[in-house]
Amino acid sequence: MIPRIILAVSALATVARSSQPGAPAPVAAPMRDLEWGQINFIHTTDIHGWLGGHLQEAQYSADWGDYISFTSHMRQKADEKGVDLLVIDTGDRIEGNGLYDSSTPKGKYSYDIFGEQTIDALCIGNHELYQEASVDREHNTTVPRFKHSYIASNVDYIEPETGNQIPQAQRYIKFTTKKLNYTIVALGFLFDFDRNANNSVVQPVAEAMKQEWFQTAIREKPDLFLVVGHVGLRMKEFEEIFKVIRDQNWYTPIAFFGGHAHVRDARKFDDQAFAIASGRYFETIGWMSIDGIKKKNGKEVSAEATATFKRRYIDNNLFGLHYHTGLNETTFPTEHGRNVSAMITAGRKALNLDESFGCAPQDLWMSRAPYPSNNSIFSWLETQVLPDSIVNEERKNASRLAIVNTGAIRFDIFQGAFTRDSTYLISPFVSKFNYVADVPYAVAAKVIELLNSGGPVFGHGTPLDTKYLTIPEQVAPSTFLEEIWHSEAAAEPVVPLHVDEDTQQKPLSGGEKAKGKTKGANTNAEDPKLVGGYTTRDDLGEDGDDAVHSPITFYAVPNCIQAKINFPAAPAPPAPPVDPEKVDLVFIDYVQPWIITALKFSGGDYGTDDVKVYSNSTLTDVIAGWVKGHWGKDC
């Protein structure tokens, strides 16, 4: 049955702008209702510090205070309906926004802001583990704040005082729901991450499941297994967990909540096991409901018991949040929500995040424009930013190749003010630039091809799989997206079936003409134009998005880009270009393991001892410096 779709226009007059100053008001859209069940879940993942919402994108402009108001009202609605509601978060709460990244220490404001939410189950993400300092802050701040709901099934912490290896948090939790008294066993996993800081340990999921605590957990005979994980729904780790739980519990429903891949997605493992992933960057609030759960009362559930799963992907804006709660500008904000919004405003002001570094003359897209092209952020980096900025004064006369992985860029640039905050939205990482000096050009020139094509040394499943160099949306896509990328038309622009072109979204402050009739929408000439956005296709169908959008075209991107800098001047045609004999091979330090391997495979005898620091500037610094020097401040 197609869920009821309502063109919610009449409420537009009462929709407020986001709680954050300067954020645009959301745009009217046809809406699909939330479908309630006996147990209902609200889910966030991969927030990456975007607690203030999207200040240049109307459809994602609600902030964490608005979200707190929303969950408060939804809990009240659940109580009134006599059903249960749980709030979930699945990691990567840090790195990617000035509110986290620009403070000293990092997260000075954001940990307290995030901690104002009541969360029933949460786990860690890989970004909490890259740096020793962030590992410490997670263990000493977030874990104790959520001591009854934080689950770390395969992550350990190394105590600095003793060197002891201890669980980051409890391995699993067992609890009874508030209204219907369902027994739930909840697990919390991270994928098999191996680039974590030395004060943390990530156990492979398969190994963790052999341990006594896990074998005890899967024999608890709950009414529902809840698996929260910083794991893409199509990654092997969820497959492994599902199979082990299902082998022991043939008919018990299992609800998976994933992340990491930065996409909206839902996956069906079997008739009694479903998973949802709820996007990225606080653009999406996920909704899952489960009906038909049979209480076991200490016995094994029967084969006749059949649970039904529903899902919805909620655009994070006040128009939708008002719609789903049945409230308005006056009745929606709670006192707690207002206070948290004020915390965000104060933090942003203290960090001077709205300071303008320049005025972007155009939109620059990660994957809404083909690469190479004038509208591609990667072409902009390759042809303008890197050639002007990657220079070591002691080596400035040397020809050089500068390599940056596309995964180092996390967001688009919108025409208009480019602020201090923008620099962290685009590239929040602390990676700096290293180099190998005087590499024969014939060897160095082969590196970029290997990084982008993979080859036998970088094949799928190898320790240095090149998929970890690209944007998260391409690391573990759903089968629907893979079908597109591997189609004969892959070189042409394609419409995403389950992901908003990897977020490369235009500022959604105005409508875009629909490219085709949207499933279930009854539109007419008087209806507003559909706003471009997510048009999700997943294992449950094509009606998951709460707001009906027009689809957005997107393009696949390479793993890495390369800039040629200070090369010999090209001779007059028809003479061929002159290549340098040797080059300095400069690269962002994250990609060093791939660079060294590629050099060896290309005929170069190089190791880590040949690598030196080229620049102590981060890519964030490089971009900010270039913008200040090239884009005027007046918009």
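See the structure shown above.
Everything quoted here is computed from the prediction, not taken from an experiment.

1. Observations regarding the overall build of the chain
Then, number 1: If you tally the helices and strands in the chain, you get 16 helices and 23 strands.
Then, number 2: Taken over 635 residues, the chain has a buried fraction of 60%.
Then, number 3: Counted over contacts in the chain with a minimum sequence separation of 6, partners at least 24 positions apart contribute 78%.
Then, number 4: When the accessible area of the chain is evaluated, it comes to approximately 24400 Å², of which 49% is carbon and sulfur surface.

2. A look at the packing of helix H10 (residues 377-389) against helix H16 (residues 619-630)
Then, number 1: Contact geometry for H10 and H16: axes closest at 10 Å, N-to-C directions at 90°. In terms of axis orientation, H10 runs roughly perpendicular to H16. Two secondary-structure elements touch here, H10 through Trp380, Leu381, Gln384, Val385, Asp388 and Ser389 and H16 through Val622, Ile623, Trp626, Val627 and His630.
Then, number 2: When its residues are assigned to classes, the contact of H10 with H16 shows seven nonpolar, three polar and one charged.

3. Considering the state of the cysteines
Then, number 1: Inspection of the entire model under this criterion finds one disulfide.
Then, number 2: Two residues share a disulfide in this structure: cysteine 359 and cysteine 635, whose sulfurs sit 2.2 Å from each other. Sign of the S-S torsion, about 130° for the bond between cysteine 359 and cysteine 635, identifies this disulfide as right-handed. With cysteine 359 in strand E17 (residues 356-360) and cysteine 635 in the segment after H16, the pair connects residues that are 276 residues apart, well separated along the chain.
Then, number 3: The class for cysteine 359 is buried, based on a relative accessible area of 16%.
Then, number 4: Residue cysteine 635 is classed as exposed on the basis of its relative accessible area, which comes to 67%.

4. Looking at the sheet that holds strand E9 (residues 183-190)
Then, number 1: What the six strands build is an open sheet, ordered E8-E9-E11-E12-E14-E13; its pairing is mixed. Of all the strands in the sheet, the pair left with one neighbour each is strand E8 (172-176) and strand E13 (264-270). Taking the axes of each pair of neighbouring strands and ignoring which way they run, one obtains an average angle of 20° across the sheet.
Then, number 2: Each of E9, strand E11 (224-230), strand E12 (254-258), E13 and strand E14 (273-278) is contacted by helix H7 (residues 236-248), which is oriented at about 165° to E12, the strand it contacts most.

5. Points about the environment of leucine 386
Then, number 1: With respect to the secondary-structure elements, leucine 386 resides in helix H10.
Then, number 2: A relative accessible area of 0% places leucine 386 in the buried class.
Then, number 3: Taking the C-alpha atoms as reference points, leucine 386 and leucine 401, 15 residues apart in sequence, are found 9.8 Å from one another.
Then, number 4: Other than its neighbours up to four places away in sequence, leucine 386 contacts Leu381, Ala402, Val404, Ala563 and Ile565.

6. So, the packing of aromatic side chains
Then, number 1: Applying the stated criterion to the full structure yields 31 aromatic pairs.
Then, number 2: With a centroid separation of 5.5 Å and an interplanar angle of 15°, the aromatic rings of tryptophan 50 and tyrosine 281 are classed as stacked. One end of the pair, tryptophan 50, is in the loop between strand E3 (39-44) and helix H1 (64-81); the other, tyrosine 281, is in the loop between E14 and strand E15 (284-291), with 231 residues separating them in the sequence.
Then, number 3: Ring geometry for tyrosine 441 against phenylalanine 567: centres 5.6 Å apart, planes inclined by 80°, an arrangement best described as edge-to-face. In this pair, tyrosine 441 sits in helix H12 (residues 441-444) while phenylalanine 567 sits in the loop between strand E21 (560-565) and strand E22 (582-588), placing the two residues 126 residues apart along the sequence.
Then, number 4: On the accessibility criterion, tyrosine 441 (11% relative accessible area) is buried.
Then, number 5: Taken together, the ring pairs connect Trp50, Tyr281, Trp365, Phe411 and Phe414 into an aromatic cluster.
Then, number 6: Here arginine 195 stacks its cationic end above the ring of tyrosine 590, 4.4 Å away from the centre of that ring.
Then, number 7: In this structure, lysine 628 packs its charged tip against the face of phenylalanine 357, placed 4.3 Å from the ring centre.

Definitions and cut-offs
- Throughout, a residue's number is its position along its own chain's written sequence, starting from 1.
- For this predicted model, a pLDDT threshold of at least 70 governs which residues receive local features, and a threshold of 80 or more governs which side-chain atom pairs are given and counted, while totals over whole chains, interfaces and linings are taken from all residues.
- In computing side-chain values, all of the structure's heavy atoms are included and hydrogens and water are not.
- Put simply, DSSP marks the helices as runs of H or I at least four residues long and the strands as runs of E at least two long, and each gets a number from the N terminus on.
- Note on classification: 1.4 Å probe, protein chains only; a residue is buried when its accessible area is under 20% of the maximum for its type, exposed when over 50%, partly exposed between these limits.
- Two residues qualify as a contact provided that any one of their heavy atoms is within 4.5 Å of a heavy atom in the partner residue.
- We get accessible surface area from the Shrake-Rupley algorithm with a probe of 1.4 Å; when it comes to residues, only the shown protein chains can shield them.
- Lines are fitted to the C-alpha atoms to define the axes, a helix being fitted only along its stretch in contact, and any angle between axes, read from their N-to-C directions, falls within 0 to 180 degrees.
- These descriptions rest on fixed angle ranges, namely under 35 degrees for roughly parallel, over 145 for roughly antiparallel, 65 to 115 for roughly perpendicular, and the rest for oblique.
- Classification used: nonpolar for Ala, Val, Leu, Ile, Met, Phe, Trp, Tyr, Cys and Pro, charged for Asp, Glu, Lys and Arg, polar for all others including Gly.
- In what follows, a disulfide is any cysteine sulfur pair within 2.5 Å.
- By the convention used here, strands pair only if DSSP detects at least 2 bridges between them.
- When the centres of two rings from Phe, Tyr and Trp lie within 6.5 Å, Trp using its six-membered ring, the rings pair. Their planes under 30 degrees apart give stacked, over 60 give edge-to-face, and anything left gives tilted.
- Only when the NZ atom of a Lys or the CZ atom of an Arg is both within 6 Å of the ring centre and within 35 degrees of the ring normal do we say a charge sits over the ring.

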